[in-house]
Amino acid sequence: MAAAMWLGRYRRKTLLIDGGHQRNLPAARSHGYLTQDGATPADILSAARKDVARYPTVTTLEGAVAEIAATDDGFVAQIDGVEHRARRILFATGVEDSFPDVPGFDGLYGKSVFHCPCCDGYEARDKDVVAIGWGEHVAGYSLDLLDWGARVTVLTNGERWEGDGACSTALRRHRVEVSEEPIREFTTADDEMRGVTLASGRFVPAALAFFSIAHVPRTSLARQLGCRLDDDGYISTDEHGATSITGVYAAGDVTPGEQLVQVAAAQGAVAGIACAMSLRGEDAPEGTPPPGPDPEKEIEGAAPDPPKL
């Protein structure tokens, strides 16, 4: 959205493809975004769509890109059986989270169950919380929660705990219990979480639950174009959002770094501006004003004025 808005402000003809998979849309509130703290993600999304709609050179299309390929003069994307051609591509495809297999999860996700301690940890202040996951990284994840939670319990939901001795020692030092027992259900009262009931019937008190199983960046389209990925599978970019493929940009959670909505918006602005500026000196599509000249090429190629006599 931010990239499309800035492309619109540069009067570039832009097609925004909205696949409708906004990662934080189920959350009851969004936190930490200056001027938007506590707003619902749905309200932020609605306001963003209105902002983008103000720019006549930007068109939004709901759908999914089935495939994408490079051509002699740019790129072509297949969307619902229709070809769309473009000179530049900007990926903001985000990541896909793996959710815990626990009865009642869907009704609590975004209300009492979260994936991001940074985003929602403050709401866990001085409360008992559980961290659901079994990978080695969950040790650090659960210790992060001690910034807010009064007590943290790690639940692997029947999976084998993969943390090594150092992880287990650190957790014991901070009185973080690890239980490999399967989870029977989230226990609620008056639509609020009260805890987690394990298969044995044991009740673990918790006001909130956090989970960290896996999140995979959506890079299938970027891989079709041959974009370089980092060791964790994210699209590698430079400081302007440019990928390893000329004319292709990326921003947001699909790139390395902090996964926060305000960071994604900032990256989108940077990449959108860079993308718009990269079109300087090229012919404009029909119905849009021509881009300005490329200042660097104009200045480098200009002969100096003759000295005045």
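1. Here's the deal with the packing of aromatic side chains
Under the criterion given, the structure shown has seven aromatic pairs. Relative to Phe211, the ring of Phe99 lies with its centre 5.8 Å away and its plane at 80 degrees, an arrangement referred to as edge-to-face. Taken as a pair, Phe99 in the loop between strand 7 (95-98) and helix 3 (105-108) and Phe211 in strand 15 (residues 208-211) lie far apart in primary sequence, 112 residues in all. Between Tyr109 and Phe211 the ring centres are 5.8 Å apart and the planes differ by 55 degrees, which places this aromatic pair in the tilted class. Here Tyr109, found in the loop between helix 3 and strand 8 (113-114), pairs with Phe211, found in strand 15; they are 102 residues apart in sequence, far enough to count as distant. Pair check on accessibility: Tyr109 and Phe211 agree, each one buried. An aromatic cluster of three or more residues is present, and its members are Phe99, Phe105, Tyr109 and Phe211. The ring of Trp6 carries Arg9 above its face, with NZ or CZ at 5.8 Å from the centroid.

2. Brief notes about the environment of Leu16
In this structure, Leu16 sits in strand 1 (residues 14-18). For Leu16, a relative accessible area of 17% translates into the label buried. Along the chain, Leu16 and Ala3 lie 13 residues apart, while their C-alpha atoms are 9.3 Å from each other.

3. Examining the pairing of strand 5 (residues 82-86)
In this sheet, strand 5 lies alongside strand 4 (residues 74-79) in antiparallel orientation, the contact comprising five bridges. Counted as the bridge partner of Ala77 is His84 from strand 5.

4. Description of helix 1 (residues 2-9)
Within the span of helix 1, buried status applies to Ala3, Ala4, Leu7 and Gly8. For helix 1, the arc enclosing every buried residue in end-on projection is 140 degrees, short of the 170-degree limit, so these residues lie on one face. Turning to helix 1, the residues buried within the fold contact strand 1, helix 2 (41-53), strand 2 (58-62), strand 6 (89-91) and helix 8 (261-278). Where helix 1 ends, the next residue or the one after it, Arg11, has phi of about 65 degrees, a positive value.

5. Focus on the side chain of Asn157
Along the polypeptide, Asn157 turns up in the loop between strand 10 (151-155) and helix 6 (165-173). In this structure the side chain of Asn157 is engaged in a polar contact, spanning 3.3 Å, whose partner is the backbone oxygen of Asp101. Engagement of the side chain of Asn157 in a polar contact is seen with the backbone nitrogen of Ile183, the distance being 2.8 Å. Those residues in contact with Asn157 that lie beyond four places of it in its chain are Asp101, Val102, Glu180, Glu181, Pro182 and Ile183.

Analysis parameters
- Residues numbered from 1 in each chain as written.
- Predicted model: local features only at pLDDT ≥ 70, side-chain atom pairs only at ≥ 80, totals over all residues.
- Heavy atoms only, no water.
- Phe/Tyr/Trp six-rings, centres within 6.5 Å; stacked < 30°, edge-to-face > 60°.
- Helix = DSSP H or I, 4+ residues; strand = E, 2+ residues; numbered from the N terminus.
- Buried < 20%, exposed > 50% of the residue type's maximum accessible area, 1.4 Å probe, protein only.
- Lys NZ or Arg CZ within 6 Å of the ring centre and 35° of its normal.
- Pairing = 2+ DSSP bridges.
- Arc of directions from axis to C-beta.
- Contact = heavy atoms within 4.5 Å.
- Polar contact = N/O pair within 3.5 Å; in protein donor to acceptor, adjacent residues only side chain to side chain.

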